[in-house]
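Coordinates in review
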Amino acid sequence: MNPRRKSRLYVAVAVLAGLGLTAALVLYALRSNIDLFYTPSEILQGKGENHEKPDVGDHLRIGGMVMPGSVKRDEKSLEVHFKVYDARGAIAVTYTGILPDLFREGQGVVAQGVLGPGNVVDAKQVLAKHDEKYVPPEVADAMKENHNGPAAKYAANEGGKS
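Since this is a predicted model, take the numbers as computed values, not measurements. (Residues numbered from 1 in each chain as written. Predicted model: local features only at pLDDT ≥ 70, side-chain atom pairs only at ≥ 80, totals over all residues. Heavy atoms only, no water.)

Comments concerning the overall build of the protein
Operational definition: Only DSSP runs of H or I covering at least 4 residues are called helices, and only runs of E covering at least 2 are called strands; the numbering of each starts at the N terminus. The buried label goes to any residue with under 20% of its type's maximum accessible area, the exposed label to any with over 50%, and the partly exposed label to all in between, with areas taken from a 1.4 Å probe on protein chains only. Two residues form a contact once any of their heavy atoms are found within 4.5 Å. Shrake-Rupley sampling with a 1.4 Å probe provides the accessible areas, and residues are treated as covered by the protein chains on show and by no other component.
Regarding its fold elements, the protein presents 4 helices and 7 strands. Going residue by residue from the N terminus, the α and β elements of the protein occur as α-β-α-β-β-β-β-β-β-α-α. Expressed as a percentage of the 162 residues in the protein, the buried residues total 33%. For the protein, the proportion of contacts with a sequence separation of at least 24, taken over those separated by at least 6, is 59%. Element-wise, carbon and sulfur atoms account for 56% of the exposed surface of the protein, whose accessible area totals about 10600 Å².

Some remarks on a nonpolar patch on the surface
Test applied: Only residues above 30% relative accessible area that lack a salt bridge enter a patch, with like-charged residues linked at up to 9 Å and the nonpolar side chains Val, Leu, Ile, Met, Phe, Trp and Tyr linked at up to 5 Å. Between Lys or Arg on one side and Asp or Glu on the other, a salt bridge is scored when a side-chain nitrogen of the former is within 4 Å of a carboxyl oxygen of the latter.
Taken together, Val11, Val15, Leu16 and Leu19 make up a surface patch of nonpolar side chains, about 400 Å² in accessible area. Positionally, Leu16 belongs in helix 1 (residues 3-31). You can call Leu16 exposed: its relative accessible area is 59%.

Regarding the pairing of strand 4 (residues 79-86)
Let me state the cut-off plainly: One requirement defines pairing of two strands: DSSP has to find at least two bridges between them.
Here 2 bridges tie strand 2 (residues 59-66) to strand 4, and the two strands are oriented antiparallel to one another. Each residue of the ladder has a partner; that of Val66, found in strand 4, is Val84. Where strand 3 (residues 72-73) folds back onto strand 4 in an antiparallel hairpin, the turn is made up of 5 residues. In sequence, strand 4 turns back onto strand 5 (residues 89-96) through a hairpin of 2 residues.

Quick look at the packing of aromatic side chains
Convention followed: What counts as a ring pair is set by centres within 6.5 Å for rings of Phe, Tyr and Trp (its six-membered ring), and what kind of pair is set by the plane angle: stacked under 30 degrees, edge-to-face over 60, tilted for all other angles. Consider the ring centre and the ring normal. A charge sits over the ring if Lys NZ or Arg CZ is within 6 Å of that centre and within 35 degrees of that normal.
Tallying each qualifying case throughout the model produces 1 aromatic pair. Measuring from centroid to centroid gives 4.9 Å for Phe82 and Phe103, while their planes differ by 65°, and the two rings are edge-to-face. Taken together, the positions of Phe82 in strand 4 and Phe103 in the loop between strand 5 and strand 6 (108-116) put the pair 21 residues apart, joining distant regions of the chain. With a relative accessible area of 1%, Phe82 lands in the buried category. If you follow Lys47 out to its NZ or CZ, it ends over the ring of Tyr38, 4.6 Å from the centre.

This is how it looks when you write it as structure tokens:
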């Protein structure tokens, strides 16, 4: 092979290897910052065809309705415990901080945080649903399901239990 072609080949291979390494590092960095959206039933029963459940320590967003009777506030701190439910399950959420003004029982919320042992979400941020003008498609689907009869029955049955 011609020495000139050989040097060009080495440069091309080095550039491709550098691009591959850069892409791998970017994807690895983004992987740790991705928050996946789950409903309470998807955390309990799994998501998708393989029924994949999130692991303890995973960053996630959970969306659903605040279960009536489940909001418990600590009198000495800003810590709040509540349950988020959908048609097939409920998940406990803990949050330390000031909740949004629109947060209340029976209201739609999205909590972003880390899944802890016992399927308890340690939320870092809580967002309250305020209107129907724009809702991400996956949240809209989950909310539609929550307004069905089974969700209301589930809330009525579970609302008194804590």
